[in-house]
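# A closer look at the structure
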Amino acid sequence: MRLQPFGLERYFARHEFSVRHNLAASDVQGLALTELLALADEETAALWSRLTLGYTESAGLPLLRQEIADLDDLDVDDVIVCAGAEEAIFLTMHALVEPGDHAVVVWPAYQSLHEVARSIGAAVSLVELRHEEGWQLDVAEVQSAMRPETRVVAINFPHNPTGAQLPQAELLALVALCEARGITLLSDEVYRFLEHDPRDMLPAAASLGERSASIGVMSKSFALAGLRIGWIATRDAALRERVAALKDYTTICSAAPSEVLALMALRARATILERSRTIVQANMVKFGELVGRHADHMEWVPPRAGAVAFPRLRDAEADLEGWIDQLIASEGVLLLPGTLFGSPGPHFRIGLGRTDGLAALECLDKNVRHSLCDPMGA
Ligand SMILES: Cc1ncc(COP(=O)(O)O)c(C=O)c1O
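Residues numbered from 1 in each chain as written. Predicted model: local features only at pLDDT ≥ 70, side-chain atom pairs only at ≥ 80, totals over all residues. Heavy atoms only, no water.

### Structural notes on the domain arrangement of the protein
Annotation of the protein at the domain level lists domain 1 (7-31 + 270-373) and domain 2 (52-268). Distance from the C-alpha centre of domain 1 to the C-alpha centre of domain 2: 25 Å. The partner domain 2 presents 32 residues to the 37 residues of domain 1 that form the contact. Counting each side, the surface lost to burial between domain 1 and domain 2 is near 2,800 Å², with a carbon and sulfur contribution of 57%. Three residues, Val 301, Arg 304 and Phe 341, lead the burial of domain 1 against domain 2; their summed loss comes to 22% of the area buried on that side. Along the contact surface separating domain 1 from domain 2 lie two salt bridges. The salt bridge partner of Arg 312 is Glu 132, with a shortest N-O separation of 2.9 Å. At the junction of domain 1 and domain 2, the tally comes to 19 residue pairs in polar contact (both at pLDDT 80 or more). Counting only elements with at least two residues in the side of domain 1 that touches domain 2, the list comes to α1 (7-15), α11 (269-293) and β10 (308-309). The element best represented in the side of domain 1 that touches domain 2 is α11, accounting for ten residues. (Domains from an automatic or database assignment. Contact = heavy atoms within 4.5 Å. Buried area = accessible area lost by both parts, 1.4 Å probe. Salt bridge = Lys/Arg side-chain N within 4 Å of Asp/Glu carboxyl O. Polar contact = N/O pair within 3.5 Å; in protein donor to acceptor, adjacent residues only side chain to side chain. Helix = DSSP H or I, 4+ residues; strand = E, 2+ residues; numbered from the N terminus.)

### Comments concerning the site of the ligand
Neighbouring the ligand are 15 residues, the closest being Asn 160, Asp 188, Tyr 191, Ser 219 and Lys 220. Ser 26 places a polar side-chain atom, nitrogen or oxygen, 3.4 Å from an oxygen atom of the ligand. Compared with its free state, where it exposes 390 Å², the ligand has 94% of that area covered by protein. The greatest single-element share of the shell around the ligand, amounting to four residues, is contributed by helix α5 (residues 84-96). Here the residues of the shell around the ligand are counted per class, giving six nonpolar, five polar and four charged. (Near = heavy atom within 4 Å. Areas by Shrake-Rupley, 256 points an atom, 1.4 Å probe, with all protein chains shown as cover. Nonpolar A, V, L, I, M, F, W, Y, C, P; charged D, E, K, R; others polar.)

### Things to note about the environment of Glu 141
Here Glu 141 shows up in helix α7 (residues 139-145). In sequence terms Glu 141 and Glu 128 are 13 residues apart; their C-alpha atoms lie 8.7 Å from each other. The contact partners of Glu 141, leaving out residues within four places of it in the chain, are Val 127, Glu 128 and Arg 130.

Now the structure itself:
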């Protein structure tokens, strides 16, 4: 079976670098190399200045793996560094799932979380989050979707595209459900550390159970998408072994400069995360005001975490894609239609992580006033 085109990535390939304002992105505005280097401690500065550009250790730079493990009291051996979260998802799904198996995936979802399993020949059950329910996951729905041949339950909290967060008790319930059935809980945690209320931060699933795997990345909260550094962490040694064997056929090892820069950033994470949260908060407040002003036309469930939200137009029949095309043409502002997540109805993803967010929101406001509030006068 073949992989279907990745709708969101193809859309970004068309628009991401040609629009004036990318108000659809899920990452936080990338740090400049000079900004990151200024945060280096003595050890990482020395690693950087004497860096050689040969192959690196396949599982990742040991110091980097240790730093990742220390985020959650895991062991250095629990961590395999990958080329972004994307490679981690791809390898982990291939390590877990065979044709005829079954996967349960929370949906709407970043496409690879269900598409990779489907392409392998697994049946996939989607457990839906709904706007009307505040995008909250119903753990009982996950349980009833499980089958004897279920190999993996894939979740993603903080959630893309809705910004929903899972209460800790429900994460623990999912871990227990999966452990009891010998199912791997694959927890995509790429938006972790961007909780709008710090009390909402969850432990890494990998630290909670022997059959749980956490996927993390430098791209989102840490504002370093260009490094292409992500990871899988799990105490399941057999799973790690299969992932490592597959990685020999994709990237073999990570880029040496990226590994050192990722280590530098994780050690300076207090500063970097503070910057990320400040950017997201400012955009979130401004967008909340915009939704308030245009409440006749738009509504949202304010996100609890992450750098995106998933509002919708109130008119269920609205031509969402036509409106977004017109927004791109008139204001140079990019939004992401919810259809790219397979989401029915006029939802769109808005990114709150960019430093031009306030200017972009001004343009969006202008467009909404003209094209939604006063379409005849536009
Ligand atoms: C939920 C989720 N998982 C994984 C990824 C992939 O992350 P990366 O592009 O850094 O590999 C993304 C990117 O948007 C995402 O939103």
